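# Fold and contact review
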Amino acid sequence: MTAHLSETEEEAVEDQLCEDFHDALERGETSFYFCHNHELKRLPDEVKILKPNLTVLHIDNCYQLSSLPPSIGNLTSLTWLNLSYNNLEALPSEIGKLRHLERLHVNNNRLSELPHEIWNLKQLQELQADTNHIKALPSGVLEMRSLRTLFVHNNPLLRPDDVADEASMKLNAPQPPPAGDCDQSRCRFRECFVHVSFHTICDVPQVPVVHYLASQQLLEQKRAVCEERLQEEAQRHKQTVQLQAADA
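## With respect to the nonpolar core
- Residues Phe32, Leu43, Leu57, Leu81 and Leu114 are the most contacted members of the largest nonpolar core, which totals 47 residues.
- For this core, the secondary-structure elements that each account for two or more residues are α1 (7-27), β1 (31-35), β2 (56-60) and β11 (204-213).
- A total of four residues in this core trace back to one element, the largest contributor, which is α1.
- With residues up to four places along the chain from it excluded, the contact list for Leu43 reads Leu17, Phe21, Ile59, Leu65, Ser67, Leu68, Pro69 and Ile72.
- Core analysis: the second largest hydrophobic core is formed by ten residues, Leu158, Met169, Phe198 and Tyr212 among them.

## Regarding unusual backbone geometry
- Look at His36: it is not a glycine, yet its phi comes out positive at around 55°.
- Locating His36 in the fold gives a position in the loop between β1 and β2.
- His36 gets classed as exposed once you look at its relative accessible area, which sits at 55%.
- Not every positive phi belongs to a glycine, and Tyr85 is a case in point at roughly 55°.
- Within the secondary structure layout, Tyr85 lies in the loop between β3 (80-82) and β4 (103-105).

## A short note on the packing of aromatic side chains
- Taken as a whole and judged by the stated rule, the model has one aromatic pair.
- Aromatic pair Phe21 and Phe32: ring centres 5.0 Å apart, planes at 55°, arrangement tilted. In this pair, Phe21 sits in helix α1 while Phe32 sits in strand β1, placing the two residues eleven residues apart along the sequence.
- Judged by relative accessible area, Phe21 falls into the buried class, the value being 0%.
- Owing to a relative accessible area of 7%, Phe32 belongs among the buried residues under this scheme.

## A closer look at a negative patch on the surface
- A surface patch of negative charge is lined by Glu11, Asp15, Glu19, Asp23 and Glu26.
- With respect to the helices and strands, the residue Asp15 is situated in helix α1.

## Side note on the sheet that holds strand β5 (residues 126-128)
- Pairing within the open sheet is parallel, and its six strands lie in the order β1-β2-β3-β4-β5-β7. Where the open sheet ends on each side, the last strands, each with one partner, are β1 and β7 (149-151). Put simply, the sheet's adjacent strands are angled 5° from each other on average, direction ignored.
- Here five bridges tie β1 to β2, and the two strands are oriented parallel to one another. Looking at the pairing, Tyr33 lines up with His58 of β2.

## Examining helix α3 (residues 216-247)
- Under the 1.5 Å per step criterion, the end-to-end length of α3 is 47 Å for 32 residues, consistent within 8% with the ideal 46 Å.
- Every buried residue belonging to α3 is among Leu218, Leu219, Lys222, Cys226, Arg229 and Glu233, and all of these are buried.
- Where α3 is buried, its residues meet β10 (193-201) and β11.

## With respect to the pattern of salt bridges
- In this structure the tally under the stated criterion is ten salt bridges.
- A salt bridge links Glu10 to Lys41, with the shortest nitrogen-to-oxygen separation between them at 3.0 Å. Placement of Glu10 in helix α1 and of Lys41 in the loop between β1 and β2 is noted, with a sequence separation of 31 residues between them.
- Residue Glu10 is classed as buried on the basis of its relative accessible area, which comes to 14%.
- Linking Glu29 and Arg27 is a salt bridge whose minimum nitrogen-to-oxygen distance equals 2.5 Å.
- The class for Glu29 is partly exposed, based on a relative accessible area of 29%.
- A relative accessible area of 53% places Arg27 in the exposed class.

## A look at the environment of Arg99
- By secondary structure assignment, the location of Arg99 is in the loop between β3 and β4.
- Among the residues examined, Arg99 registers a relative accessible area of 47% and is labelled partly exposed.
- Between the alpha carbons of Arg99 and Thr76 there is a distance of 6.6 Å; along the sequence they are 23 residues apart.
- Once you skip the residues sitting within four places of it in the chain, Arg99 turns out to touch Asn120, Leu121 and Gln123.

The rules behind the values
Residues numbered from 1 in each chain as written. Predicted model: local features only at pLDDT ≥ 70, side-chain atom pairs only at ≥ 80, totals over all residues. Heavy atoms only, no water. Core = buried A, V, L, I, M, F, W, Y, C linked by side-chain atoms within 4.5 Å. Buried < 20%, exposed > 50% of the residue type's maximum accessible area, 1.4 Å probe, protein only. Helix = DSSP H or I, 4+ residues; strand = E, 2+ residues; numbered from the N terminus. Contact = heavy atoms within 4.5 Å. Phe/Tyr/Trp six-rings, centres within 6.5 Å; stacked < 30°, edge-to-face > 60°. Patch = residues over 30% accessible without salt bridge, like charges linked within 9 Å, V, L, I, M, F, W, Y side chains within 5 Å. Areas by Shrake-Rupley, 256 points an atom, 1.4 Å probe, with all protein chains shown as cover. Salt bridge = Lys/Arg side-chain N within 4 Å of Asp/Glu carboxyl O. Lys, Arg positive; Asp, Glu negative; His and termini not counted. Charge placed at Lys NZ, Arg CZ, Asp CG, Glu CD. Pairing = 2+ DSSP bridges. Axes fitted to C-alpha atoms, helices over the stretch in contact; angles between N-to-C directions. Expected span 1.5 Å × (residues − 1).

What follows is the structure, given as structure tokens:
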């Protein structure tokens, strides 16, 4: 059983980590590792000072770590961010500012969703989000042309039968935030329509993707776009099977 720390003890853990940040900055280190800690509950905002040099950040196996500061988005040179095996329930939207990110590991947390802003991660090649509470991926994952590896197993992912009609869509699909970006036009919405489509992504079939649309018209347009994409995916799969058969 993990012992509960007093507020003073928790502050001491964070203070020590901040000192480690400053030491790493002074040494000009490009990688920072903080792992297998049972006391840290929140990552200090001070992590932002590592911006000048940091390309690799591992904050993993910290089983009480439940929150990240928005300032993690300041680390714009990161290519690998490992946040696996923590206790995170959400990721800050500022993750979308990490435009050079190539590897993102958030597996084995308590995430119910990934931030919509993930669409900004155009260079992302590997996304590990398995073993969470995720029902569907944000629509931005369809725009990640560099993505080559996707792990989403051991999540309560939606199936087509779960969202077969408007009633089940409203009941089972992830709910949109109070205000956010419309999937189709990037405009701001307060009320929106929700659509879930299913795609083959990185050879993973039937990956549920949630779209938030600001109007019925945009919803119909999105349905048409998703249908066209599904046809393209089916054609690519057919060509792959034919090539494999020819090589056999």
